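Spelled out, the chains give:
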Amino acid sequence: MEVIKVENLYKQYRLGQVTTGSIAHDFNRWWQTVRGKEDPYEKITGLNNREDSGSNDYVWALQDINFSVKQGEVLGIIGRNGAGKSTLLKILSKVTSPTKGNIKIKGRIASLLEVGTGFHPELTGRENIFLNGAILGMTKSEIRSKFDEIVAFSGVEKYIDTPVKRYSSGMYVRLAFAVAAHLEPEILIVDEVLAVGDAEFQKKCLGKMKDVSGEGRTVLFVSHNMAAVKSLCTKGILLQNGKVIIEGAIDSVVKKYYGGERDSFNYRLCNYEVDGFHLYSVGVKNSNKAFDDEIIRDREIIIEFNYKLEKDINGLYFNIKLKDEEGSFILTTLSLGEINIDIDSNCIKMVIPAGFFNEGTFNLDLLVIQKNENGYKSYIQEPDFLSFDVLPEERPLGTWMGKELGFLRHTFEWKKLLK
Amino acid sequence: MLHDNTNKNEGWTEVIEPKRSLLDVNLKELWRYRDLIMLFVRRDFVSVYKQTVLGPLWLFIQPLFTTITFYFVFSKIAKIPTDNVDPILFYLSGITLWNYFSDCFSKTSNTFVANAGIFGKVYFPRLATPISIVISSLIKLGIQVLLFAGIALYRVYFHGAQISINETILFLPILIILMAIMGLGLGIIFSALTTKYRDLSFLLTFGIQLLMYATPIIYPLSYTSGKLNKILSYNPLTPIIENFRYAFFGIGQLDIQGLIYTSVFSITVLILGVIIFNRVEKNFMDTV
């Protein structure tokens, strides 16, 4: 059963300062409407594209958005900053209205665009629970019946009669989230709540969202955190410049998000020919996956070289250097000893153990040299030969969803010794 | 948040659309949020006096000091007569009523700007905010009316002040409701306009001050004559003040015609206000 249906949704914004010029525009708009004509500013509206500094005063933040959500689905809305995610959420939560089109909804909606909306610093925790709950749409008796649960969930029992201005920021957020978590809407809209709070808070937050969807209720979730999106959502839509680029299973949408956004590619065709060694492609992938699949960090990663030979070649060394996005070197690896390849072979690969990389973007410098009687000969020397993204793995709910620091995240062996 | 105004055939409970009709006030929805309105009232009341030593006593101090000031400036220095009514009671009655109107008007007039933070994050019927202000001001008025009654008793017993309460005092609730309606109506009109044009909020501050002098607060209507008297009687607040003074002090006369005029004016302003407020509330986040 469809519970949300978005049809031909448009949202227009005015750029720049809203000042004196706006009176003239308002008047003109009103005058044209009186005369039964179209809105004169609708036509000249530019696309929502931050790079394009067009001269239009108006911009479409959303254009022709169509999608529907079924009951019990957890829909992830992803896209980079400025793609229109927040605008869409604002319209869904009735904070602002669309310019054209409509959204049909079945059931009660609660939106969490922020936790602690309407908290008053002078009021006590108890008073704020009631105030915030009512702002989010609960009645006093609903709040009263859940009051003890909310307080227990927040873990601030001791301070419940203290003004919230004396709370630490952590306590404040926990209390605010506790109220929100006890809403019982049929449809829940959540925006980047994960951005605040510590690991424990994230855990509670995501766990609660999972519970909500488990109860057959519908969740719309906007986040930049792909690990969280992938773990939580069943379906996704990708917004770009105010338009829906793709709608479908969450994995394919996340893949498109990465694929559509970066200049890197996991696979590169090339044409090097030195001394009968003909290298025609190099690629990075998870083992048992294709090159155009995304690379997930907790699986074995393979760097594969495809070549053709006119003769046997001995004494090759493969040197691979990895750099981060800023070009700082992270890792150098040299093939162990000489590699001899014979004419029948066409592929050689380097295997990187599962979980070696942290998530991130890596640039690869390639150097292939051959040792012969005259010393070393450089076969291929190609900085920034290719670039690939390693994506976060799906994580069990209840674990930390943020990005770990560092570029490498290998797990090492730990030994207990008796001395 | 459930609306019942939509296509029942498909079972949609709510449709979000660009425009709504002129007077689409969802009173049912507003009623469902009555708890929120009362919590806002409580918040406004509690938060103002937290961390003050005198607390709600300030509700007494402000009108008393204003009255004393008026007494010296207008009665002692300017020698403006008060129709043989005890000047202290005369000023205090005017200030008490005026404060209610001016609170309703000025505090609701920045509804959108002052609440942009909340309004930008969560939906609830926006009218809940100005309505809560009118109610919390009403509580303040109630307390100040008690103060007025106390001072009146004191003046009567110890200073021989004359009062003559008659049965038209029963109109008092109507007078208060009229002020509430007018203040709310004007306030939400201004609140809608100030989202785009902030200039108006400057205009409003001294506009309300000027309006007080254009209302017979510190002088009786009978003190004016000719053209001025005529202009003053067009002020819809004049009948409210005059009728109250008639009911309490027995001065002037009962002005039913004036009250009808004020009622028509107030209700028109409120309807207009709600229409404008409704239009603005849907998109004000884009301009505020």
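Look a little higher up for the structure.
Residues numbered from 1 in each chain as written. Chains lettered and ligands numbered in written order. Predicted model: local features only at pLDDT ≥ 70, side-chain atom pairs only at ≥ 80, totals over all residues. Heavy atoms only, no water.

Some points on the packing of aromatic side chains
Per the counting criterion, the structure on display carries 31 aromatic pairs over all chains. Geometrically, the ring pair formed by Tyr-272 of chain A and Phe-385 of chain A is tilted, given 6.3 Å between the ring centres and 35° between the ring planes. Taken together, the residues Tyr-272 of chain A in strand β10 (residues 267-274) and Phe-385 of chain A in strand β19 (residues 375-391) connect sequence positions 113 residues apart. Note on accessibility: Tyr-272 of chain A and Phe-385 of chain A belong to one class, buried. Seen in terms of ring centroids, Phe-277 of chain A and Tyr-307 of chain A are 5.7 Å apart; in terms of plane orientation they differ by 35°. Their pairing is tilted. Here the residue Phe-277 of chain A occupies a position in strand β11 (residues 277-286), and Tyr-307 of chain A occupies one in strand β13 (residues 301-309), the gap between them amounting to 30 residues. In this pair, the class of Phe-277 of chain A matches that of Tyr-307 of chain A, namely buried. Taken together, the ring pairs connect Phe-40, Phe-112, Phe-119, Phe-124 and Phe-277 of chain B into an aromatic cluster. (Phe/Tyr/Trp six-rings, centres within 6.5 Å; stacked < 30°, edge-to-face > 60°. Helix = DSSP H or I, 4+ residues; strand = E, 2+ residues; numbered from the N terminus. Buried < 20%, exposed > 50% of the residue type's maximum accessible area, 1.4 Å probe, protein only.)

Quick look at helix α12 (residues 256-281) of chain B
Residues and elements named next belong to chain B. An ideal rise of 1.5 Å per residue puts 38 Å on 26 residues; α12 measures up with 37 Å between its terminal C-alpha atoms. Residues Gly-258, Leu-259, Thr-262, Ser-266, Val-269, Gly-273, Val-274, Ile-275, Phe-277, Asn-278, Val-280 and Glu-281 constitute the buried set of α12. Those residues of α12 hidden inside the fold are in contact with α5 (111-114), α7 (128-159), α8 (172-194) and α11 (238-249). (Expected span 1.5 Å × (residues − 1). Contact = heavy atoms within 4.5 Å.)

Here we look at the pattern of salt bridges
Residues and elements named next belong to chain A. In total, this model carries 21 salt bridges over all chains according to the counting rule given. The shortest N-O distance in the salt bridge between Asp-161 and Arg-126 comes to 2.9 Å. Taken together, the residues span a long stretch of sequence, with Asp-161 in the loop between α4 (140-154) and α5 (169-181) and Arg-126 in helix α3 (residues 125-135) at a distance of 35 residues. Put simply, Lys-5, Glu-7 and Lys-104 are held in one network by salt bridges that share partners. (Salt bridge = Lys/Arg side-chain N within 4 Å of Asp/Glu carboxyl O.)

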